[in-house]
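Structural characterization, general
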Amino acid sequence: MPPRESYDWLRAHAVETATIGSALALLHWDQSTKMPPAGHAHRTAQVGILTKLLHERRTDPRVGEALDKARAELLREDPESEFTANVREWQRAYDRAVRIPTELAVATARAAAEGETAWKRARPDSDWQAFLPHLEEIVRLRREEAEAVGYANEPYDALLDEYEPGETAASLEPVLAGLRRELVPLLERILGAPRQPDRTLLTRHYPLGCQRALCREAVAAIGFDFEAGRIDPTAHPFSTRIGPGDVRITTRYNEHAFGEGFFGAIHEAGHALYSQGIPGAHFGTPCGVSVSLGVHESQSRLWENMVARSRGFWRHFLPRAEERFDCLRGVELDAFVLAVNDVRPSLIRVEADEVTYNLHVLLRFGLELALLRGRLEPRDLPGAWDESMRALLGLTPPDLADGVMQDVHWSAGLLGYFPTYTLGNLYAAQLFEAAGRELGGGPQGLDERFAAGDFAPLLGWLREKVHVHGSRFVPRELMRRATGAELGHEAFMRYLTAKYEALYGL
Ligand code: ZN
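Residues numbered from 1 in each chain as written. Predicted model: local features only at pLDDT ≥ 70, side-chain atom pairs only at ≥ 80, totals over all residues. Heavy atoms only, no water.

**Re the overall build of the chain**
What counts, and what does not: Helix and strand assignments come from DSSP, with helices taken as H or I runs of at least 4 residues and strands as E runs of at least 2, each series counted from the N terminus. Atoms considered for the radius of gyration are the C-alpha atoms alone. The globule rule reads 2.2 Å times the number of residues to the power 0.38. Each residue gets one of three labels from its accessible area relative to the maximum for its type: buried under 20%, exposed over 50%, partly exposed in between, using a 1.4 Å probe on protein chains only. Residue contacts are defined here by distance: any two heavy atoms, one from each residue, within 4.5 Å place the two residues in contact. Under the convention used here, a 1.4 Å probe and the Shrake-Rupley method define accessible areas, while residue burial counts only the protein chains that appear. In this count, Lys and Arg are taken as positive residues and Asp and Glu as negative ones, while His and the chain termini are left out. Where a charge lies is defined by one atom per residue type: Lys uses NZ, Arg uses CZ, Asp uses CG and Glu uses CD.
Assigned secondary structure in the chain consists of 20 helices and 3 strands. For the chain, the C-alpha radius of gyration of 23 Å lies close to 23 Å, the compact-globule estimate for 506 residues. Dimensions of the chain along its principal axes, counting C-alpha atoms only, are 70 × 50 × 50 Å. In the chain, which comprises 506 residues, the proportion classed as buried is 54%. For the chain, the share of sequence-separated contacts (at least 6 apart) that also reach a separation of at least 24 residues comes to 74%. Accessible surface computed for the chain: about 21,200 Å², of which carbon and sulfur atoms make up 53%. One way to put it: in the chain the 58 positive side-chain charges average out to a point 2 Å from where the 72 negative ones average out.

**Topic: the coordination of the zinc ion**
Quick reminder of the rule: Only nitrogen, oxygen and sulfur atoms within 2.8 Å of the metal, or 3.2 Å for Na, K and Ca, are treated as donors, and water is left out, so sites may look incomplete.
In the first shell of the zinc ion, the protein supplies H267 (NE2), H271 (NE2) and E297 (OE), at 2.1 to 2.3 Å from the metal. The sequence pattern describing where the donors of the zinc ion fall on their chain is H-x3-H-x25-E. In this pair, H271 sits in helix α10 (residues 258-277) while E297 sits in helix α11 (residues 293-307), placing the two residues 26 residues apart along the sequence. Of the two residues, H271 and E297, both sit in the buried class.

**Observations concerning the state of the cysteines**
To keep it simple, the criterion reads: By disulfide we mean two sulfur atoms from cysteines, separated by a distance within 2.5 Å.
Taken as a whole and assessed by the stated rule, the structure comprises 0 disulfides. Unpaired in this structure, C210 has its nearest cysteine sulfur neighbour in C327, at a distance of 9.5 Å. For C327, a relative accessible area of 17% translates into the label buried.

**So, the sheet that holds strand β3 (residues 246-251)**
Let me state the cut-off plainly: A pair of strands is labelled paired if DSSP reports no fewer than 2 bridges between them. Note on geometry: axes are lines fitted to C-alpha atoms, helical ones only across the stretch in contact, with angles between N-to-C directions running from 0 to 180 degrees.
With mixed pairing, the 3 strands of this open sheet are ordered in space as β1-β3-β2. Both outer strands of the open sheet, β1 (229-233) and β2 (239-243), are each paired with one neighbouring strand and no more. Between one strand and the next, the sheet's axes are offset by a mean angle of 20 degrees, whatever the strand orientation. Alignment of β2 against β3, held across 4 bridges, turns out to be antiparallel. Within β3, the position partnered with S239 by the bridge is I249.

**Structural notes on unusual backbone geometry**
Positive phi, normally seen in glycine, also occurs at S126, with a value near 50 degrees. Tracing the backbone shows S126 in the loop between α5 (102-122) and α6 (128-149).

**Examining the packing of helix α8 (residues 169-191) against helix α16 (residues 419-439)**
Note the threshold: Any angle that is under 35 degrees is reported as roughly parallel, and any over 145 degrees as roughly antiparallel; angles of 65 to 115 degrees are reported as roughly perpendicular and all others as oblique. Should the near helix be turned anticlockwise from the far one by less than a right angle, the crossing is left-handed, and should it be turned clockwise, the crossing is right-handed. Under the grouping applied here, Gly and all other residues not named as nonpolar or charged are polar, the nonpolar ones being Ala, Val, Leu, Ile, Met, Phe, Trp, Tyr, Cys and Pro and the charged ones Asp, Glu, Lys and Arg.
Relative to each other, α8 and α16 sit at 65 degrees, their axes nearing to 12 Å. By the angle between their directions, the pair α8 and α16 is classed as roughly perpendicular. As α8 packs across α16, the resulting crossing turns out to be left-handed. Contacts between α8 and α16 involve L172, V175, L176 and L179 from the first element and P419, T422, L423 and L426 from the second. Its residues assigned to classes, the contact of α8 with α16 shows 7 nonpolar, 1 polar and no charged.

**Digging into the pattern of salt bridges**
Pairing between side chains of opposite charge can happen when the charged atoms of each approach one another. Filter applied, for reference: We define a salt bridge as a side-chain nitrogen of Lys or Arg found within 4 Å of a carboxyl oxygen belonging to Asp or Glu.
For the coordinates displayed, the defined rule picks out 46 salt bridges. The salt bridge partner of R189 is E501, with a shortest N-O separation of 2.9 Å. Residue R189 is found in helix α8, and its partner E501 is found in helix α20 (residues 490-504); the two are separated by 312 residues along the sequence. Judged by its relative accessible area of 30%, E501 falls in the partly exposed class. E304 is the salt-bridge partner of R301, the closest N and O atoms lying 3.3 Å from each other. Here E304 and R301 lie together in helix α11, a separation of 3 residues that amounts to about one turn. Of the two residues examined, R301 and E304, each falls in the buried class. What you see here is one network of salt bridges that share partners, running through E80, E167, R476, E477, R480, R481 and E486.

**With respect to the environment of E114**
Position of E114 among the secondary structure elements: in helix α5. E114 sits in the partly exposed class, given a relative accessible area of 43%.

**Concerning the packing of α11 against α16**
Axis angle and axis distance: for two packed helices, these are the angle between their axes and the distance between the axes, and together they describe the pair. At a closest axis distance of 7 Å, the pairing of α11 and α16 adopts a crossing angle of 60 degrees. In terms of orientation, α11 and α16 fall into the oblique class. Of the two possible hands of crossing, α11 and α16 adopt the one that is right-handed. Listed contacts from α16 to L293, G294, V295, E297, S298, Q299, R301, L302, M306 and V307 of α11 are T420, Y421, L423, G424, N425, Y427, A428, A429, L431 and F432.

**Describing the packing of aromatic side chains**
Each aromatic ring pair is described using two quantities: the centre-to-centre distance and the angle formed by the ring planes. So the rule is basically this: Each aromatic pair joins two rings of Phe, Tyr and Trp (for Trp, the six-membered one) with centres within 6.5 Å, and gets the label stacked for planes under 30 degrees apart, edge-to-face for over 60, and tilted for any other angle.
Applying the stated criterion across every chain, the model contains 29 aromatic pairs. Centroid distance F262 to W314: 5.3 Å. Interplanar angle 45 degrees. Geometry classified as tilted. Of this pair, F262 sits in helix α10 while W314 is found in helix α12 (residues 311-324), placing the two residues 52 residues apart along the sequence. In this structure, F262 and W314 share a single accessibility class: buried.

**Structural notes on the nonpolar core**
Definition in use: Only buried Ala, Val, Leu, Ile, Met, Phe, Trp, Tyr and Cys residues count toward a nonpolar core, and they belong to the same one when joined by side-chain atoms within 4.5 Å.
The biggest cluster of nonpolar side chains holds 135 residues, and the ones touching the most others in it are F262, L302, W303, W314 and F336. Among the elements that line this core, the one with the most residues is helix α14 (residues 357-372), at 11 residues. Apart from the residues lying within four places of it in its own chain, the contact partners of L302 are V307, A428, L431, F432, L458 and L462. The next biggest cluster of nonpolar side chains, apart from the first, holds 11 residues, and it includes A14, A66, V87 and W90.

Encoded structure:
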């Protein structure tokens, strides 16, 4: 086959593989929102068959042969063309897939499934001994995977690269250390501020029907397209792209915690806006998929925190919320905005505010590095966790369920995944700053637009700078082009400092 024909064959093969993958995504969505409990066994069988089929297609030797031929064309191609990007990403995915022996892939998938079940059972009783053997097996298998895949400097890099292509422990450590140095003093200043939020404001009675209606109104206002998506309740919120024209979000409502459902919905809508902004014509090819978890998270955190927790946003939405909730009648705008930006150290990452959140991630990053570097054994994790928790947040967990056993990630085999959450926050701040600059008026200019209910310019800017590109550029390059800056903690700290100094009267 000549190079062009090889490329066309690869493209057709990739689109078919992605279509099978999208059926899996739909099965997963259904399982989390609609499936009756008795359907579980049959669902497991469906997922098993499709997963096996996908693995076979991804490691098909014909893909390797076609890539060898298509690469011959690369020198003649524009380095920024769709052709170049697709071949680069197909090669990356193929190399990784074939380097992992099938037995190892199967063993890891099984250990992750069993680990997650064991974690769910053991967590309520903080039963570490029941969970530990599963975790030990997962760490062992993922280390083995790192050796099979190969890495830049150390095993951790091989795992991180799967979620955030191009990043390594060495590239992240200085950025995260700089962040920690500045976050801790800012947190202390906020905690010592004379002005503090009324914490009872968000735990009043918020009827579920009204919450659902306000969430729909808000996600539509920021640009979520209900002709090409839907929102449903679930136990663990997520967003999923089934395919072009079908992006679904879920959230969890709590009658006495307004923030849980509302900001959960905006967060997932932020992910969904990215997915809805990727051109459907590229579906199934690298130019038609999101580029990394960090960049994905930058979209959700930008809309959740920088937009939906801004004063301008609530100038627009508080009157609308007041119409729906009796408990908000007469509540002052400033008091409400302060309440949705309540900062205090807490034990649980997923409930953390945007100031303390990254300290939770730094804790996990430190422990993961120690595990992968062989400086920490899984059995010693509970003690190491508590020690880091005291050092970073000044808290001691009362039990393991609220400590080392709180996250599902490690039980599901996801090591090297946590840093992408912080990357998301850093990229979000860099994008928000650049958008303010280019759209005019800086953060204040954006705030005025939000107050007028005008979110389209910001979404349009993100579409143009991030969404339409899919994986055409590697994450760092995409962000460099969008923001004109290198990855760093500075924009995030500028954003936090300005916002919290104003809010807390520092
Ligand atoms: Zn997210």
